[in-house]
Amino acid sequence: MNIENQNIAIKAENITKVFGDFTAVDHISFEVKKGEIFGFLGANGAGKTTAMRMFSGLSIPSSGTATVAGFDVYKETEKIKKNIGYMSQKFSLYNNLTVKENLNFFGGIYGIPRKNLKIKRDDLLKKLGLEEEKNKLVSQLPLGWKQKLAFSVAIFHEPEIVFLDEPTGGVDPVTRRQFWNMIYEASDRGITIFVTTHYMDEAEYCDRVSIMVDGKIAALDTPTNLKKHYNAQNMDDVFYELARGAKRSE
Amino acid sequence: MTSVVKKLFSKNKKMKSIIVQNLTKTYGKKEEKVLAVDHVSFEVNQGEIFGLIGPDGAGKTSIFRMLTTVLLPDSGSASIEDLDMVKDYKKIRKILGYMPGRFSLYQDLTIEENLEFFASVFNTTVAENYDLIKDIYIQIEPFKDRRAEKLSGGMKQKLALCCALIHKPKVLFLDEPTTGVDPVSRKEFWEMLQRLKKQGITMVVATPYMDEAALCDRIALMQEGKILSIDTPENISNSYPDFLFEVKAGKTSKVLRALENFEQKKNVYAYGEYVHLTIDKNENFSELKVVEYLEKEGFENVEINPIKASIEDSFIRLLSH
């Protein structure tokens, strides 16, 4: 890895994924800097999930090149998986395990030594104010708590990058903001955040935002520059301007 | 009672499509008992769009399941078009349409087959009520031989709406029809609902998106099984009791942290590109104080404007109590 690349968490050049005669992701290129909060937006069916799967080592691209945390998306998928965290609204924690059991389980999977695990686990429970709930089943926690715990679990092994797939869907506006405070803290510690959301106010909280339309990246810049460029009041208008011309949906 | 008063009274009564009184529902046994719906009361006028606004777990789906007669309440009562939710459930089922949150169509039937199936269940035909769904159906008609499982999210949503409408219901229940849907499709969906409203259908819509609240005629803000406030979106915004300002002075997270320690602050939170700051109306406050404070903290180009509260601002205030 050369010096120039040391500050780059994700580097993608012409990454493409074809399913039969359908090009789900069409030559996308971008760089994400270390510690950056990168918003990955797009309409349903624009190709976000397919792209995310390639960057998290779950799917091999059809063409193009990319590295994630310095590892190649074709040859080093296992190393990628060890160096990233992942959280989505649909899957994050095991509902039928307790809070403590979930932490032990995910810590174990990511190879955190048992001694460190206990210390880290207790620190986290204290920080989240979940000490009294540690023996409760995750299914008994309110959604807001679950999401905060799920995020903590996703970064429990101090990954270089964490992928968040619509992490705040259905969460109340106060909890949504608390969740973003946790994202800021993680980013301050140097963890790179790659996040998708349908809440356009959250796009404003990102350092830079890309907007995918029909498999391509239609725009990529800071929220301020995007608004300026599209002469828009807010990110909602920017998104609407770009995505309303989309030809395909999910 | 004079006949005129009587007439007015009955007319007034007729205007209510849904009347809900003290509806309560608990789940689970003794220690794990969860109060999902806690003495909820509200009324929905005929032909209006009524929004149940709240996060997951607020009790929206439980209310929907009771009103659509698939779940019995612990206590309380409700009527739909003067029919009792418990006694007249068979009649109610004929006049209501229900679009549940989870995709509810038959995956291995085509678009056309699903629609015909739902029509036949209600002893009607697609042709009979085609006018009602025409606007929506023509958008998916080119794919009418495609199986439901092969449809995109937006197409599934449109088909589900057609199926819920095909028996020409008087009342339509939509449980989070736009959750997980992108902003453009959300806008289109609400345009469809506005067109249905013109046909006189009463609608109850549940949504976690605060911006959709503004598109309803009246809304109930919900949290943990309770209704916190019911009114028109306009009145809810206008009755915001504190001073509210938007502040911008560089990086949001830094401005937030600084304003946390501002003496007269009541609440402060991120709001898109701005930070929203609330101040109690009893405070002797001027915007200049914020500017001076932030400049002293090292911020430049401080921008502060008084603004009208959005539904999200009102909701945050209610949750912070």
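Along each chain, the written sequence defines residue order, and numbers are assigned to residues from 1. In the order they appear in the text, chains get letters beginning with A and ligands get numbers beginning with 1. Only residues with pLDDT of at least 70 are given local features in this predicted model, and only at 80 or more are side-chain atom pairs given and counted; all residues enter the totals for whole chains, interfaces and linings.

The subject of this paragraph is the overall build of chain A. Along chain A, the regular secondary structure elements total nine helices and 10 strands. Radius of gyration: over C-alpha atoms. The globule rule applied is 2.2 Å multiplied by the number of residues raised to the 0.38 power. On C-alpha atoms alone, chain A measures out to a radius of gyration of 18 Å, which is about the 18 Å that the 2.2 N^0.38 rule sets for 250 residues. Along the three orthogonal principal directions, the C-alpha set of chain A runs to about 50 × 40 × 35 Å. Burial in this document is a count-based property: other C-beta atoms within 10 Å of a residue's C-beta are tallied, and the residue is buried at 20 or more, exposed at 12 or fewer, or partly exposed in between, with C-beta positions derived from the backbone. The 250 residues of chain A split such that 45% are buried. Expressed as a percentage of contacts within chain A between residues at least 6 apart in sequence, the contacts between residues at least 24 apart total 68%. Helix numbering and strand numbering both begin at the N terminus, where a helix is a DSSP run of H or I of at least 4 residues and a strand a DSSP run of E of at least 2. With C-beta atoms placed from the backbone, a contact is any residue pair whose C-beta atoms sit within 7 Å.

Turning to the nonpolar core, a few remarks are in order. Think of a nonpolar core as buried Ala, Val, Leu, Ile, Met, Phe, Trp, Tyr and Cys residues, each tied to the set through C-beta atoms within 7 Å. Judged by nonpolar contacts, the single largest core of 154 residues is most densely connected at Val 68, Val 162 and Ile 193 of chain A together with Phe 173, Met 203 and Val 275 of chain B. Both domains that furnish three or more residues to this core are identified here as domain 1 (3–237) and domain 2 (240–319) of chain B. Excluding residues that lie within four positions of it along the chain, Val 68 of chain A makes contacts with Ile 10, Phe 55, Val 73, Ile 80, Ile 84 and Ile 161 of chain A. The domain limits used here are those given by an automatic or database domain assignment.

Two pairing modes exist for strands in a sheet, parallel and antiparallel, and in both the strands are linked by backbone hydrogen bonds. All names here are of chain B. By the convention used here, strands pair only if DSSP detects at least 2 bridges between them. Taken in spatial order, the six strands of this open sheet run E6-E7-E8-E3-E9-E10, and their pairing is mixed. Lying at the two open borders of the sheet, with one neighbouring strand each, are strand E6 (96–99) and strand E10 (226–231). For this sheet, the mean angle separating the axes of adjacent strands, direction not counted, is 15°. Of the pairings in the sheet, the one linking strand E7 (residues 171–175) to strand E8 (residues 202–207) comprises five bridges and is parallel in character. Bridged to Asp 175 within E8 is Ala 206. Contacting E6 and E7, helix H6 (residues 153–165) runs over the sheet at an angle of about 160° to E6. Between N-to-C directions, angles cover 0 to 180 degrees, with each direction set by a line fitted to C-alpha atoms, over the stretch in contact for helices.

Moving on: the interface of chain B and chain A. Taken residue by residue, the interface counts 28 residues in chain B and 29 residues in chain A. Elements that contribute at least two residues to the side of chain B that touches chain A include exactly H6, helix H7 (183–198), helix H10 (252–260), strand E12 (265–271) and helix H12 (311–319) of chain B. Among the elements that line the side of chain B that touches chain A, the one with the most residues is H12 of chain B, at four residues. Side-chain classes are defined by residue name, with Ala, Val, Leu, Ile, Met, Phe, Trp, Tyr, Cys and Pro counting as nonpolar, Asp, Glu, Lys and Arg as charged, and the others, Gly among them, as polar. Taken together, the residues of the side of chain B that touches chain A sort by class into 12 nonpolar, 12 polar and four charged.

To continue, consider the sheet that holds strand E5 (residues 83–84) of chain B. Residues and elements named next belong to chain B. Read from one edge of the open sheet, four strands run E2-E1-E4-E5, paired in antiparallel fashion. Of all the strands in the sheet, just strand E2 (34–45) and E5 have a single pairing partner and so form its edges. Here strand E4 (residues 75–80) pairs with E5 via two bridges, running antiparallel. Its bridge partner being in E5, Ile 80 is matched across the sheet by Leu 83.

Turning to the environment of Phe 243 of chain B, a few remarks are in order. Residue and element names in this part refer to chain B. Note on placement: Phe 243 falls in strand E11 (residues 243–248). For Phe 243, a count of 17 C-beta atoms within 10 Å corresponds to the partly exposed category. Taking the C-alpha atoms as reference points, Phe 243 and Thr 124, separated by 119 residues in sequence, lie 55 Å from one another. If we skip the residues at most four places from it in the chain, Phe 243 touches Thr 278, Ile 279, Lys 281, Phe 285 and Pro 306.

Attention now goes to the domain arrangement of chain B. Residues and elements named next belong to chain B. Domain annotation for chain B reports domain 1 (3–237) and domain 2 (240–319). On a C-alpha basis, the centres of domain 1 and domain 2 stand 37 Å from each other. On the domain 2 side, the residues contacting the 10 residues of domain 1 number 10 residues. When residues of the side of domain 1 that touches domain 2 are traced back to their parent elements, those giving at least two are helix H8 (210–213), strand E9 (218–223), E10 and helix H9 (233–238). A class-by-class count of the residues in the side of domain 1 that touches domain 2 yields seven nonpolar, three polar and no charged.

With that out of the way, let us pick up helix H5 (residues 143–154) of chain A. Residue and element names in this part refer to chain A. Helix span, as expected, comes to 1.5 Å for every residue beyond the first. End to end, H5 covers 16 Å across 12 residues, agreeing with the expected 16 Å (1.5 Å per residue, within 8%). By the criterion of burial, H5 is predominantly enclosed, with 10 of the 12 residues buried. Among the residues making up H5, those that are buried are Gly 144, Lys 146, Gln 147, Lys 148, Leu 149, Ala 150, Phe 151, Ser 152, Val 153 and Ala 154.

All names here are of chain A. As paired strands, strand E1 (residues 8–19) and strand E2 (residues 22–33) are joined by eight bridges and run antiparallel to one another. Paired with Ile 15 across the strands is Ile 28, a residue of E2. Where E1 folds back on E2, the antiparallel hairpin that results is connected by two residues, among which Gly 20 adopts a positive phi of roughly 60°.

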